[in-house]
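Overview (structure and organization)
Residue strings, one per chain:
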Amino acid sequence: MQLEIRPDPAEVGRARRWARSRLAGSGIEDDEPLAETLILLVSELVTNAVVHTGCPAVLRLSLPGSTAAESATVRLEVADRSDRAPLPRCVDGESAGGRGLALVDGLADRWGWTAEGAGKRIWCELDRCSPSRSASAACGGRVGRGGSAECGGGTAAYDGLAYEAV
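Below you will find a few notes about this structure. (Residues numbered from 1 in each chain as written. Predicted model: local features only at pLDDT ≥ 70, side-chain atom pairs only at ≥ 80, totals over all residues. Heavy atoms only, no water.)

**Observations regarding the overall build of the protein chain**
Cut-off, in case you're wondering: Each helix is a run of H or I in the DSSP string that is no shorter than four residues. Each strand is a run of E no shorter than two, and both are numbered from the N terminus. Think of it in three bands: residues with accessible area under 20% of the maximum for their type are buried, residues over 50% are exposed, and the middle band is partly exposed, with areas taken using a 1.4 Å probe on protein chains only. Only heavy atoms enter the contact rule, under which two residues are in contact if any of them lie within 4.5 Å. Only the protein chains shown count as cover for residues, and all accessible areas are computed by the Shrake-Rupley method using a 1.4 Å probe.
Regarding its fold elements, the protein chain presents five helices and seven strands. Each helix and strand of the protein chain, placed in order from N terminus to C terminus, yields the pattern β-α-α-β-β-α-β-β-α-α-β-β. Counting over 166 residues, the protein chain shows a buried share of 45%. Restricting the contact set of the protein chain to residue pairs at least 6 apart, pairs at least 24 apart contribute 59%. Of the roughly 8,500 Å² of accessible surface on the protein chain, 51% is carried by carbon and sulfur atoms.

Encoded structure:
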């Protein structure tokens, strides 16, 4: 599944709505923490593409089928035509922006980017926790890479997902 994104900040809301509409057939309920995390990641990656590149982009979403709901991986990709590498930043508490990649790092199980032709593809993955396992056993060790050590944040767990405050 993919959505063409114009270089317009209004596209961020359209991308969130599009991603929400794709959740139903995947077995991921709209009120699940995974769904909310996914929508936040869509928002951050599409915002970065729209604001920092000024180029059109493509949002791709790979969701599990409804039969594979308990332990599947969700993959989100945003491809754009800018060859500028994504750079996580440490910002102070007064800054209005600059936290997007830190959020991606703290919320996604894995993320990265690759150069692709004249542009790049930024991707992240979320592993769906099995509801039959305990939250601590299923996801308790999931935290971002480096964000708290470099920026002085902390980590907390909520419904089996690890969130990092930066």
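**Comments concerning the sheet that holds strand β1 (residues 2-5)**
Filter applied, for reference: Following DSSP output, two strands are said to pair if at least two bridges run between them. Here an angle of 0 to 180 degrees is reported between the N-to-C directions of two axes, which are lines fitted to C-alpha atoms, with helices fitted over the stretch in contact.
Here we have five strands laid out as an open sheet, ordered β1-β2-β3-β5-β4, and antiparallel in their pairing. This sheet does not close on itself; its edge strands, each paired only once, are β1 and β4 (110-116). With direction set aside, neighbouring strand axes in the sheet form an average angle of 15°. Across the sheet, helix α1 (residues 11-23) lies against β1 and β2 (57-62), angled at about 175° from β1, the strand it touches most. Contacts from helix α2 (residues 33-53) reach β1, β2, β3 (73-80) and β5 (119-127), with the element oriented near 10° to β3.

**A few points about the pattern of salt bridges**
Put simply, the rule reads: Every case where a carboxyl oxygen of Asp or Glu lies within 4 Å of a side-chain nitrogen of Lys or Arg is listed as a salt bridge.
Tallying each qualifying case throughout the model produces eleven salt bridges. Between Arg75 and Glu77 there is a salt bridge; the shortest N-O distance is 2.7 Å. Its relative accessible area of 23% is what places Arg75 among the partly exposed residues. A relative accessible area of 14% places Glu77 in the buried class. The partner of Asp80 in a salt bridge is Lys120, and the shortest N-O contact between them spans 2.9 Å. On the criterion of sequence distance, the pair formed by Asp80 in strand β3 and Lys120 in strand β5 is long-range, its members being 40 residues apart. Of the two residues, Asp80 and Lys120, both sit in the buried class. Overlapping salt bridges bring together Arg75, Glu77, Arg110, Glu116, Arg121, Glu125 and Asp127 as one network.

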